[in-house]
Protein chains: 2
Amino acid sequence: MSKEKFALGIDYGTESGRAVVVRLRDGKLLSSSVIPYPDGVIDDRLPGDPKLEPDWALQNPLDYLYVLEKAVPKALKDAKVKAEDVIGIGTDFTASSPMPAKADGTALSALPKYRKVPHVYVKLWKHHAAQPEANRINEIGRERNEDFIRIYGGKYSSEWFFSKLLQVVEEAPDVYDAMDRFIEAGDWLVWQLTGQEKRNTCTAGYKGMWVKGRGFPSSDFFRALHPRMENVIAEKVGEEYFPLGAKAGGLTAFWAKKMGLKEGTPVAIGNVDAHVAVPACTVTEPGALVMIMGTSICHMLLGNERQMVEGMCGVVEDGIVPGLWGYEAGQSAVGDIFAWFFEHGVPDYIHSEARKKKVPFQAILEKHASALKAGEAGLLALDWWNGNRSVLVDVNLTGLMLGMTLATRAEEIYRALIEGTAFGTRTIVEAFESKGITVNKLVACGGLPEKNHLLMQIYADVTGREINLADPLQTCSALGAAMHGAVAAGQAAGGYDSIADAARQMARVQKLTFKPHGQCHEIYDKLYADYRTLHDYFGRGANDVMKRLKSLKREIAMR
Amino acid sequence: MSKEKFALGIDYGTESGRAVVVRLRDGKLLSSSVIPYPDGVIDDRLPGDPKLEPDWALQNPLDYLYVLEKAVPKALKDAKVKAEDVIGIGTDFTASSPMPAKADGTALSALPKYRKVPHVYVKLWKHHAAQPEANRINEIGRERNEDFIRIYGGKYSSEWFFSKLLQVVEEAPDVYDAMDRFIEAGDWLVWQLTGQEKRNTCTAGYKGMWVKGRGFPSSDFFRALHPRMENVIAEKVGEEYFPLGAKAGGLTAFWAKKMGLKEGTPVAIGNVDAHVAVPACTVTEPGALVMIMGTSICHMLLGNERQMVEGMCGVVEDGIVPGLWGYEAGQSAVGDIFAWFFEHGVPDYIHSEARKKKVPFQAILEKHASALKAGEAGLLALDWWNGNRSVLVDVNLTGLMLGMTLATRAEEIYRALIEGTAFGTRTIVEAFESKGITVNKLVACGGLPEKNHLLMQIYADVTGREINLADPLQTCSALGAAMHGAVAAGQAAGGYDSIADAARQMARVQKLTFKPHGQCHEIYDKLYADYRTLHDYFGRGANDVMKRLKSLKREIAMR
């Protein structure tokens, strides 16, 4: 083809949605438009009014449609491409963020009578109020020796699909009865765009107990969870799932008009933000661990076979790239820990120096922390400010720092926090390698690697592995979404027939790489050994002090 | 006697000396004059010039004489008392702060040829460079099953007399040869005032291996330490020691004139700042634990018998009050930890609020921390920012904090630090009680309790014991020194015949007391159980991570 073709990628994050227009020939990003969700993360009060309980985190699904209306036309306009040259649309979404809907696709929360009912809204991935339900799922799952317990590294998370659904059943049975469908918001969005309820295998596999070729756990299991749920799959969830990059359908006339695209433009099956980033980071084969680094880290890895790796968030056949097993692991807070420190732990002398030099105080911290040698500060941290996702899968763990003396300075604490998160990543790398799933190098994307060169160097030194940076760094999910749109369109239409083909042409890494420094790596080997001892002591039941403190805290809050 | 009589107390602290004039009838403080030491704590460079190694802390003994010259006349003038009505002089000193002198009392450091030799200066109590020597003393002491090992709770400190002397022998044998005497600065000062070298039993007992009725370890022991030291007691240290409150001699004509006092005024035997504070806190019987609370805490307790209590700094017969066993324990950093936090851990929002309300930022922290309930923050700290004195006697331990989440705030950390130090005190209280030495209540003095009501309440809640505050709080060592001056003078001269008599008339506590709150105490019982588990895990060898980090830090610093 001589004429340039383009794909549209729409990336749904936690706070906003982003639309990008990407050139198919080389992956060049022609435009990028971000629209914050009008209702944002709803964790205090509903748009109506009722006050939410602690640990709730909801979203209004109409905000996703608002992004379609506002961001897409803007991106198309900025890119100066014509509707007919946009040959495919791909999306990606946070997960698991499920919601109730009627049989025609209407969000329950859009119906006036439900506006003030918290349970009708999207339960955002970081909704943490379904922990009792997750505990019950795990208890029953273990008793019955269900396969999902192993697939999810030993524990089904409170953040996931059925924990959230069980919470609805228990706390709002009327909502459960009123919903015809309980569906990931990402799949619901594709349903809106195409008129077809076609769910994706990725979210179902990683968050929804679905296994290729075997489907869901039996109705016996669901009945054991709750009698009302015996037939939940047939009644609310559905049995048919579609692979990544497949075409869900053509764009409806309604949305084609709203967005300024051609009716019938192929729309790819829904996908997950972290997963879609992997091929956008050039990775379509085993050996390279992709780290999507932001407030948290998602670790994505491909393998040739299924292994049960401790504390993995999941292992799903075709879950990232068709033909391979996709592994997902994660650290529940990384950038969030630094943000916490920036707000709660940075003393006056850092701010003063920053004012004097007219630079952000973070730059001062970074400068001083960079001047330290590995091990020089004598500090060690457990990076559990928001619990531990992999490999311990325990939200009730908390942060630890030791080694402080009267001479300890703020930049030393900052560096120890970075090192703690790097040790967390190394723990995940070693969990993979202990099962024979090789990690030869790391590829980073997301907001955190940008400018944070100290952080990247420490990760290289701690893991002993070279780190590449994706290009682009921060919009790689949106790029990945567009790449899947190109695959949904197919080569005949000017797209690609496989995600590997798309990656070869459209994805790249930066020239800047971070190589481990031998002497630093040696020192970090020592510190890491101590990290692991503490990790196991506090994380595996030898001393449950963190949990006792948390439960005492809860008890006192309730008095 | 109808005419009022007075005693002079001179209190030698770490940074300054203080002279007070006290009315004998009722202990009323008539004046108080503080003079900072011109050379202060010498921990970087000698007044001459040579750069000191890390961990050194020296003083210039001439600074002590400067205090006599400046502070005493000022205090006498402010008090408007006549020389003839000052019937006794008492002093107290930091310990162990020993120094070399010639046979006539001349400080070696005052001789021009030695000015640039670090080892001729006073080795201040917090000189920490004699750790290898302390290790050797402990090793040989244990091998030989020397009594002092048990008396000092299992370990002889690097801060004490013979560790510092052994450092001189090893590092500056010429200084060792040149000195005729190696003497506590407090005893040297009394020698200057009276012309008599009469050493006190208190410092010798707590810091110098001396035992009433038995004297020092044998010359075999000292030879084992170092061949040169075989006859160290006879040659440099002396065998005769004098009890607290005894008269060392009369004031010399020289110093009487310099200070504006009568020649021959009785001067009490030297004493230690913490020990002299005990009767000034009204305590002359067993049952009440005196806490001298400042940068660190000294815990002083009287008992009817000698018990070997774990990690005590010492147990000395007549060591505090004649006729009783005086126990000393301590926490090596308390106020220092808060000062560290104020400098290195207080974020912008606390400073902003303080600016807005025009109060010190410490007041904002205190206010928010006071609003928290026990256990509400979910944090727990090990208070080892400067090692652990009692009960673990280990300078290589470091601080720990755990329980942090993304919601943890600065005031919660501050409160956890206070609680950590309170748990440290409780550990000491329990060590005493486990040996049958009762602690019914606490009496606090020093700078820290002043205005720090939250701190005092937490100590009461954590220990489950009422706390009285001494009156005066901050000058109780100076008052105690004056009380000993009154005892040196004796009743016939208008003073007192015993320290108990003096305490009955001259010492008092404030009306304000802190009583433990039942519910808080219950919660703190739980937190304390976890503190103890961590204390033992990190402090007793199960996990020596703190020491590994420290030694790695040292190794890297030396590269």
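**Section: the overall build of chain A**
- Along its length, chain A carries 20 helices and 21 strands.
- Here chain A has a C-alpha radius of gyration of 23 Å; the compact-globule value for 559 residues is 24 Å, and the two agree.
- Each principal axis of the C-alpha distribution contributes one length, and for chain A these read about 65 × 60 × 45 Å.
- Every one of the 559 residues in chain A was classed for burial, and the buried ones make up 64%.
- By sequence separation, contacts in chain A at least 24 residues apart represent 72% of the contacts at least 6 residues apart.
- Put simply, chain A shows about 19600 Å² of open surface, and 49% of that area lies on carbon and sulfur atoms.
- Counting 66 positive and 69 negative side-chain charges, chain A places the averaged centre of each group 4 Å from the other.

**Examining the packing of helix H15 (residues 410–434) of chain B against helix H19 (residues 518–539) of chain B**
Residue and element names in this part refer to chain B.
- One way to put it is that H15 packs onto H19 with a least axis distance of 10 Å and a crossing angle of 80°. Our classification of the angle between H15 and H19 gives roughly perpendicular. Touching Arg415, Glu419, Gly420, Phe423, Gly424, Arg426, Thr427 and Glu430 of H15 are His521, Tyr524, Asp525, Leu527, Tyr528, Tyr531, Arg532 and His535, all from H19.
- In the contact of H15 with H19, the residues fall into five nonpolar, five polar and six charged.

**Examining the interface of chain B and chain A**
- Contacts between chain B and chain A engage 56 residues on the former and 57 residues on the latter.
- Counting each side, the surface lost to burial between chain B and chain A is near 4500 Å², with a carbon and sulfur contribution of 62%.
- Contact with chain A buries surface across chain B, with His344, Leu406 and Leu549 of chain B losing the most and accounting together for 15% of the total.
- The interface formed by chain B and chain A holds four salt bridges in total.
- The interface formed by chain B and chain A includes 17 residue pairs in polar contact (both at pLDDT 80 or more).
- Put simply, the parts of the chain that give the side of chain B that touches chain A at least two residues each are helix H12 (335–344), helix H13 (348–357), strand E18 (399–404), H15, H19 and helix H20 (545–558) of chain B.
- Of the residues assigned to the side of chain B that touches chain A, the class counts are 29 nonpolar, 14 polar and 13 charged.
- Where strand E18 (residues 399–404) of chain A meets E18 of chain B, five bridges bridge the pair, whose relative direction is antiparallel. Along E18 of chain B, the bridge assignment pairs Met404 of chain A with Gly399 of chain B.

**Remarks on the pattern of salt bridges**
All names here are of chain A.
- Enumeration over the complete set of coordinates arrives at 73 salt bridges over all chains.
- A salt bridge links Glu4 to Arg25, with the nearest nitrogen and oxygen atoms 2.7 Å apart. Of this pair, Glu4 sits in the segment before strand E1 (6–12) while Arg25 sits in the loop between strand E2 (16–23) and strand E3 (29–36); the two residues are 21 residues apart in sequence, bridging distant segments of the chain.
- Linked through salt bridges whose partners overlap, the residues forming this network are Asp147, Arg150, Arg214 and Arg306.

**Some remarks on the sheet that holds strand E21 (residues 508–514) of chain B**
Residues and elements named next belong to chain B.
- An order of E15-E16-E14-E13-E19-E20-E21 is seen for the seven strands of this open sheet, with the pairing classed as mixed. Looking at strand neighbours, the two that pair on one side only are strand E15 (314–317) and E21, the edges of this open sheet. Within this sheet the neighbouring strands show an average axis-to-axis angle of 25°, counted without direction.
- For strand E20 (residues 467–471) and E21, the ladder comprises four bridges, and the chain directions are antiparallel. Bridging across to E21, Asp471 finds its partner in Arg508.
- Contacts from helix H16 (residues 453–463) reach strand E13 (287–293), strand E14 (297–303), strand E19 (439–445), E20 and E21 within the one sheet, and its direction differs from that of E21 by about 75°.

**A look at the environment of Leu380 of chain B**
- Relative to the assigned elements, Leu380 of chain B resides in strand E17 (residues 380–382).
- Taking C-alpha positions, Leu380 of chain B is 18 Å from Phe342 of chain B, a pair spaced 38 residues apart along the chain.
- Setting aside residues no more than four positions away along its own chain, Leu380 of chain B makes contact with Val545 and Leu549 of chain A together with Leu400, Met401, Leu402, Phe423, Leu527, Asp530, Tyr531 and Leu534 of chain B.

**Focus: the packing of H15 of chain B against H16 of chain B**
Residue and element names in this part refer to chain B.
- Running from N to C, H15 and H16 cross one another at 45°; their axes reach a closest spacing of 9 Å. Relative to H16, H15 is oriented oblique. Relative to H16, the crossing made by H15 is right-handed. Contact residues: Arg415, Ile418, Glu419, Thr421, Ala422, Phe423, Thr425 and Arg426 in H15; Leu454, Leu455, Ile458, Tyr459, Val462 and Thr463 in H16.
- Along the lines of polarity and charge, the residues of the contact of H15 with H16 split into eight nonpolar, three polar and three charged.

**Some points on the sheet that holds strand E17 (residues 380–382) of chain A**
- Strand order in this open sheet of four strands is E17(A)-E18(A)-E18(B)-E17(B), and the pairing throughout is antiparallel. Of all the strands in the sheet, the pair left with one neighbour each is E17 of chain A together with E17 of chain B. Here the average twist between neighbouring strands, direction ignored, is 10°.
- Taken together, the three bridges between E17 of chain A and E18 of chain A define a ladder with antiparallel strand orientation. By the bridge assignment, Leu380 of chain A is partnered in E18 of chain A with Leu402 of chain A.

**Overview of the domain arrangement of chain A**
Residue and element names in this part refer to chain A.
- We note that the domain assignment places domain 1 (6–271) and domain 2 (335–430 + 517–557) within chain A.
- Computed over C-alpha atoms only, the centres of domain 1 and domain 2 are separated by 34 Å.
- Contacts between domain 1 and domain 2 engage four residues on the former and five residues on the latter.
- Across the domain 1-domain 2 interface, the total number found is one salt bridge.
- Between Glu159 and Arg389 there is a salt bridge whose closest N-O contact spans 3.9 Å.
- Where domain 1 packs against domain 2, one counts one residue pair in polar contact (both at pLDDT 80 or more).

**Section: helix H16 (residues 453–463) of chain A**
All names here are of chain A.
- Burial analysis of H16 places nine of its 11 residues in the buried class, the great majority of the element.
- Among all positions of H16, only Leu454, Leu455, Met456, Ile458, Tyr459, Ala460, Asp461, Val462 and Thr463 are buried.
- One or two steps after H16, the chain reaches Gly464, where phi turns positive at roughly 70°.

**Quick word on the relation of the copies chain B and chain A**
- For the pair chain B and chain A, the best superposition has an RMSD of 0.1 Å and corresponds to a rotation of 180° with a translation of 0.0 Å parallel to the axis. The operation mapping one copy onto its partner corresponds to a two-fold rotation axis.
- The fraction of interface residues of chain B whose copies in chain A are also interface residues reaches 100%, indicating that both copies meet through the same surface.

**Looking at helix H17 (residues 476–489) of chain B**
All names here are of chain B.
- Counted at 1.5 Å a residue, the expected span for H17 with its 14 residues is 20 Å, and the 20 Å between its end C-alpha atoms agrees.
- Within H17, 14 of the 14 residues are buried, leaving the element largely enclosed by the surrounding structure.
- Following H17 by one or two positions, Gly490 has its phi on the positive side, about 85°.

**A few points about the side chain of Thr94 of chain A**
All names here are of chain A.
- Residue position: Thr94 is located in the loop between strand E5 (86–92) and strand E6 (98–101).
- For Thr94, a relative accessible area of 4% corresponds to the buried category.
- Polar side-chain contacts of Thr94 include one of 2.8 Å to the side chain of Ser97.
- When neighbours within four sequence positions are excluded, Thr94 is seen to be in contact with Tyr12, Gly13, Thr14, Leu124, Trp125 and Asp273.

**Considerations on empty space enclosed by the protein**
- Counted by the stated rule, this structure contains nine cavities of 30 Å³ or more.
- By volume, the largest cavity is sized at about 240 Å³.

**Describing the packing of aromatic side chains**
- For the structure shown, the criterion picks out 58 aromatic pairs over all chains.
- Residues Phe342 of chain A and Tyr414 of chain A carry aromatic rings whose centres are separated by 5.6 Å and whose planes lie at 45° to one another, so their mutual orientation is tilted. Pair noted here: Phe342 of chain A is in helix H12 (residues 335–344) and Tyr414 of chain A is in helix H15 (residues 410–433), with a separation of 72 residues, a long-range link. Accessibility classification places Phe342 of chain A together with Tyr414 of chain A in one group, the buried group.
- Three or more aromatic residues joined by ring pairs form one cluster here, namely Phe148, Tyr152, Tyr156, Trp160, Phe161, Phe162, Phe182, Trp210, Phe216, Phe221, Phe222 and Tyr241 of chain A.
- Over the aromatic face of Tyr176 of chain A sits the side chain of Lys236 of chain A, whose NZ or CZ is 4.6 Å from the ring centroid.
- One cation-aromatic arrangement involves Lys198 of chain B over Phe242 of chain B; the distance from NZ or CZ to the ring centre is 5.0 Å.

**Points about the nonpolar core**
- Phe162, Phe432 and Phe538 of chain A together with Phe162, Phe432 and Phe538 of chain B are the most contacted members of the largest nonpolar core, which totals 339 residues.
- Excluding residues within four positions of it along the chain, Phe162 of chain A makes contact with Ile137, Tyr156, Gly208, Met209, Phe216, Phe222, Met229, Val232, Ile233 and Val237 of chain A.

Definitions and cut-offs
Residues numbered from 1 in each chain as written. Chains lettered and ligands numbered in written order. Predicted model: local features only at pLDDT ≥ 70, side-chain atom pairs only at ≥ 80, totals over all residues. Heavy atoms only, no water. Helix = DSSP H or I, 4+ residues; strand = E, 2+ residues; numbered from the N terminus. Rg over C-alpha atoms; globule rule 2.2 N^0.38 Å. Buried < 20%, exposed > 50% of the residue type's maximum accessible area, 1.4 Å probe, protein only. Contact = heavy atoms within 4.5 Å. Areas by Shrake-Rupley, 256 points an atom, 1.4 Å probe, with all protein chains shown as cover. Lys, Arg positive; Asp, Glu negative; His and termini not counted. Charge placed at Lys NZ, Arg CZ, Asp CG, Glu CD. Axes fitted to C-alpha atoms, helices over the stretch in contact; angles between N-to-C directions. Parallel < 35°, antiparallel > 145°, perpendicular 65-115°, else oblique. Nonpolar A, V, L, I, M, F, W, Y, C, P; charged D, E, K, R; others polar. Buried area = accessible area lost by both parts, 1.4 Å probe. Salt bridge = Lys/Arg side-chain N within 4 Å of Asp/Glu carboxyl O. Polar contact = N/O pair within 3.5 Å; in protein donor to acceptor, adjacent residues only side chain to side chain. Pairing = 2+ DSSP bridges. Left-handed = near helix turned anticlockwise from the far one by under 90°. Domains from an automatic or database assignment. Least-squares fit on C-alpha atoms with pLDDT ≥ 70 in both. Expected span 1.5 Å × (residues − 1). 1 Å grid on protein atoms, 1.4 Å probe; cavity = no way out; pocket = protein on both sides within 12 Å on 5 of 7 lines; lining within 4 Å. Points joined across faces, edges and corners; volume = space filled by probe spheres on them. Phe/Tyr/Trp six-rings, centres within 6.5 Å; stacked < 30°, edge-to-face > 60°. Lys NZ or Arg CZ within 6 Å of the ring centre and 35° of its normal. Core = buried A, V, L, I, M, F, W, Y, C linked by side-chain atoms within 4.5 Å.

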